Amino acid sequence: PLVREPLQAVLAEFDRVDSWIAEPTTLIAAATPTRQVRAPSNGALIGTCRDATPDDVDATITAAVAAQPSWDALGGAARGDLLDRVADLYEENRDLFLSICQREAGKTLTDAVLELREAVDFLRYYAAEARRLFTAEGEALPGPTGESNRLTLHGRGAFVAISPWNFPLAIFTGLVAGPLAAGNTVLAKPAEQTPLIAGYAIDLFHQAGVPSEVVQFVPGDGKVGALLTADPRIAGAAFTGSTETARAINRALAGRDGPLAQFVAETGGQNAMIVDSSALPEQVTRDVVASAFQSAGQRCSALRVLYLQDDVADAMLAMIRGAFEALVIGDPADLATDVGPVIDGEAKAALDSHIAAMKQTGRRVWQHDLPAGCAKGTFVTPTIIEIESIADLTRENFGPVLHVARFKADELDAVVDAINATGFGLTLGLHSRIDATRRCVQARSKVGNFYVNRNQIGAVVGSQPFGGEGLSGTGPKAGGPHYVARFATERVTCID
Ligand code: NAD
């Protein structure tokens, strides 16, 4: 339980929201729905949506290309004001967002609140970045005496924003708001599992005054994403999701005629945490359990492989297992729940088969019994598995499964090398009170975000860059002072 107590007031308002959403909502009302959205916790129908057709994709791109010059000409200050207004509307619609997020993505109330806060943080930070970076006069550059040399930033054109289901509001919003802040128009394609919350979000952009051609909602599955990214009129794509899909998009963008595209991708990870014998056991226990099991392990930053120094490993593991056994699994709408469902049957099948394969090889495995109430949903039993090395894992296991390995004090460098050898480079945790160890791991590891003596999941978004290298993303990262400019083109004007 992270922030349960202060949320009682939010819960009190839930009855009203419940009745609002009790009837399945139809996202594109005039159209024949082609997609049913079901709650991962119990399979109930919570809404319907029509996927974009090839004709829709063509028409939305045409409109986005036509609208881009005037959106760019509006300037950073006006765009920033509009994004701030969107953030205000997100806050005013808090209860609605929390309710949809819980049902559609199966998030606990704690996670849903964090998700909304992150979405608002992205909007406000990118609004400030639009004002800072996109001024009419730009920046003065050094040049020959008597000349004026100015650098100004401009939008590139129509961008595609393609998002994952695991942060259906926060990451979706960030991927839309970044390119918009830079003067691009945006075709917003949410994950097929979570179109409802994304559709409401885009409605709020329009209510805030962002013109309807400037940001358009283009729901559908990977086929719709592929149609968007194959179109030569697209200036680039902002993407978060799996490494495999990033490769497919990269190929599509590179294979088109037309302008060379900009591709910004945040992808998967194989995230480890190293705990040496100087670490504080209570702190380690709290941070390991949160990093591995909060959000049912469905965070790109989540802990997958815990390395424990052998002389403290048994004691640490006993404490971690104690906290693990106390986790409450169940309906995310219940305030007592720590671990909700995974997103769908496909995700559940992949995780269950990984756990079964690990058991077959004779490894030690600790598991929860699933409560009876979980039978209708796509729940995966929270699991701890002992392994030899991170090299035993061949892919990202995106759910509530923690692997534990041991190392000797003189093997620290080899452990970091093995983590680097996965090719992923998203997050790494270290629990150690020894400064020299921290410096050594920091210098040797190849990750985007390094967390010392804390959990691996709760970063500040917007102002703090987040993302990885290698198989984990194109880098630099989402958020931070270099992000929004990545969607812009630079123009240098020299006047004698
Ligand atoms: P996914 O790659 O399956 O899907 C992501 C999006 O891509 C969806 O909208 C999907 O419809 C679309 N898509 C699929 N095929 C496409 C194609 N050929 N062309 C264009 N679009 C296509 O990922 P997911 O299962 O939704 O999300 C989980 C993954 O996202 C995990 O790997 C996780 O690590 C990663 N992730 C990374 C970060 C980060 O910041 N690095 C954050 C969250 C999630």
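Residues numbered from 1 in each chain as written. Predicted model: local features only at pLDDT ≥ 70, side-chain atom pairs only at ≥ 80, totals over all residues.

For the chain, an unreviewed UniProt entry supplies the name Bifunctional protein PutA and the organism Novosphingobium aquiterrae.

When you go through the chain residue by residue, the secondary structure sums to 15 helices and 20 strands. Taken along the three principal axes of its C-alpha coordinates, the chain extends 70 × 60 × 45 Å. Across the 496 residues that make up the chain, the buried fraction comes to 50%. Sequence-distant contacts in the chain: of pairs separated by 6 or more residues, those separated by 24 or more amount to 74%. (Helix = DSSP H or I, 4+ residues; strand = E, 2+ residues; numbered from the N terminus. Buried ≥ 20, exposed ≤ 12 C-beta atoms within 10 Å, placed from the backbone. Contact = placed C-beta atoms within 7 Å.)

Now for the nonpolar core. Judged by nonpolar contacts, the single largest core of 142 residues is most densely connected at Leu83 and Leu123. Here the element with the most residues in this core is helix α6 (residues 109–133); it accounts for 14 residues. (Core = buried A, V, L, I, M, F, W, Y, C linked by C-beta atoms within 7 Å.)

Spatially, β4-β5-β20 is the arrangement adopted by the 3 strands of the open sheet, whose pairing is antiparallel. Lying at the two open borders of the sheet, with one neighbouring strand each, are β4 (139–140) and β20 (488–495). The pairing of β4 with strand β5 (residues 148–155) spans 2 bridges and is classified as antiparallel. Across the sheet, glutamate 139 pairs through a bridge with leucine 151, a residue of β5. (Pairing = 2+ DSSP bridges.)

Burial of the side chains of strand β18 (residues 449–452) is restricted to one face: Asn449 and Tyr451 are buried, whereas none of Phe450 and Val452 on the reverse face is. Here 4 bridges tie strand β17 (residues 427–431) to β18, and the two strands are oriented parallel to one another. Note that in β18 the partner of leucine 430 across the bridge is valine 452. Handedness of the crossover joining β17 and β18 through helix α15 (residues 435–444) is recorded here as right-handed. (Right-handed = clockwise from strand over helix to strand, strands pointing away.)

Residues in close proximity to the ligand total 34 residues, the closest being Pro164, Gly222, Gly225, Gly241 and Cys300. Breaking the shell around the ligand down by element, the ones donating at least two residues are α9 (222–230) and α10 (243–254). Residue composition of the shell around the ligand, grouped by class: 13 nonpolar, 16 polar and 5 charged. (Near = placed C-beta within 6 Å. Nonpolar A, V, L, I, M, F, W, Y, C, P; charged D, E, K, R; others polar.)

The subject of this paragraph is the packing of α6 against helix α7 (residues 170–181). The axes of two packed helices give the description: the angle between them and the distance between them. Taken N-terminus to C-terminus, the directions of α6 and α7 make an angle of 10°; their axes are 8 Å apart at the nearest point. When the axes of α6 and α7 are compared, the pair comes out roughly parallel. Contact with α6, carried on its side by Glu115, Glu118, Ala119, Phe122, Leu123, Tyr126, Ala127, Glu129 and Ala130, involves Ala170, Thr173, Gly174, Ala177, Gly178 and Ala181 of α7 and no other residues of that element. When the residues that make up the contact of α6 with α7 are grouped by side-chain class, the tally is 9 nonpolar, 3 polar and 3 charged. (Axes fitted to C-alpha atoms, helices over the stretch in contact; angles between N-to-C directions. Parallel < 35°, antiparallel > 145°, perpendicular 65-115°, else oblique.)

As a further point, take helix α14 (residues 412–421). By the burial criterion, the buried members of α14 are Val415, Val416 and Ile419. In a view along the axis of α14, the buried residues occupy a sector of 95°, so they form one face of it. For α14, the exposed residues set more than 90 degrees away from the buried face come down to Asp413 and Ala414. Contact partners of the buried residues in α14: β11 (272–275), β12 (305–309), β15 (401–407), β17 and α15. Phi turns positive, to about 90°, at glycine 423, one or two residues after α14. (Arc of directions from axis to C-beta.)

This part is about the packing of helix α5 (residues 94–105) against helix α8 (residues 195–208). The N-to-C vectors of α5 and α8 enclose an angle of 160°; their axes lie 9 Å apart at closest approach. Accordingly, the angle class assigned to the pair α5 and α8 is roughly antiparallel. Here α5 contributes Leu96, Phe97, Ile100, Cys101 and Glu104 to the contact with α8, which in turn contributes Leu196, Ile197 and Tyr200. Here the residues of the contact of α5 with α8 are counted per class, giving 7 nonpolar, no polar and 1 charged.

Locating glycine 209 in the fold gives a position in the loop between α8 and β8 (215–217). For glycine 209, a count of 12 C-beta atoms within 10 Å corresponds to the exposed category. Separated by 124 residues in the primary sequence, glycine 209 and alanine 333 have C-alpha atoms spaced 33 Å apart. The residues touching glycine 209, leaving out its near neighbours within four places in the chain, are Leu82 and Arg85.

Taking 1.5 Å as the rise per residue, α8 with 14 residues should run 20 Å; its terminal C-alpha atoms sit 20 Å apart, in good agreement. Among all positions of α8, only Pro195, Leu196, Ile197, Ala198, Ala201, Ile202, Leu204 and Phe205 are buried. Remark: glycine 209 follows α8 within two positions and exhibits a positive phi of approximately 115°. (Expected span 1.5 Å × (residues − 1).)

This paragraph deals with the confidence of the model for the chain. For the chain, the mean per-residue pLDDT works out to 92, and 93% of the residues sit at or above 70. ipTM for the predicted complex: 0.98, alongside a pTM of 0.94. (pLDDT = per-residue confidence, 0-100.)

Strand order across the open sheet formed by 7 strands is β13-β14-β15-β12-β11-β17-β18, with mixed pairing between neighbours. The open sheet has two edge strands, β13 (365–367) and β18, and neither has a second partner. Strand-to-strand, the axes of this sheet are offset by a mean angle of 20°, without reference to chain direction.

This part covers the pairing of strand β2 (residues 35–38). Pairing analysis gives 4 bridges linking β2 to strand β3 (residues 45–49), with the strands arranged antiparallel. Note that in β3 the partner of arginine 35 across the bridge is cysteine 49. Counted between consecutive antiparallel strands, the loop separating β2 from β3 contains 6 residues, among which glycine 43 sits at a positive phi close to 75°.

This next bit is on unusual backbone geometry. A positive phi angle is found at alanine 296, which is not glycine, with a value near 50°. Although it is not a glycine, asparagine 453 sits at a positive phi angle of roughly 55°. Residue placement: asparagine 453 occurs in the loop between β18 and β19 (469–470). Given 15 C-beta atoms within a 10 Å radius, asparagine 453 is considered partly exposed.

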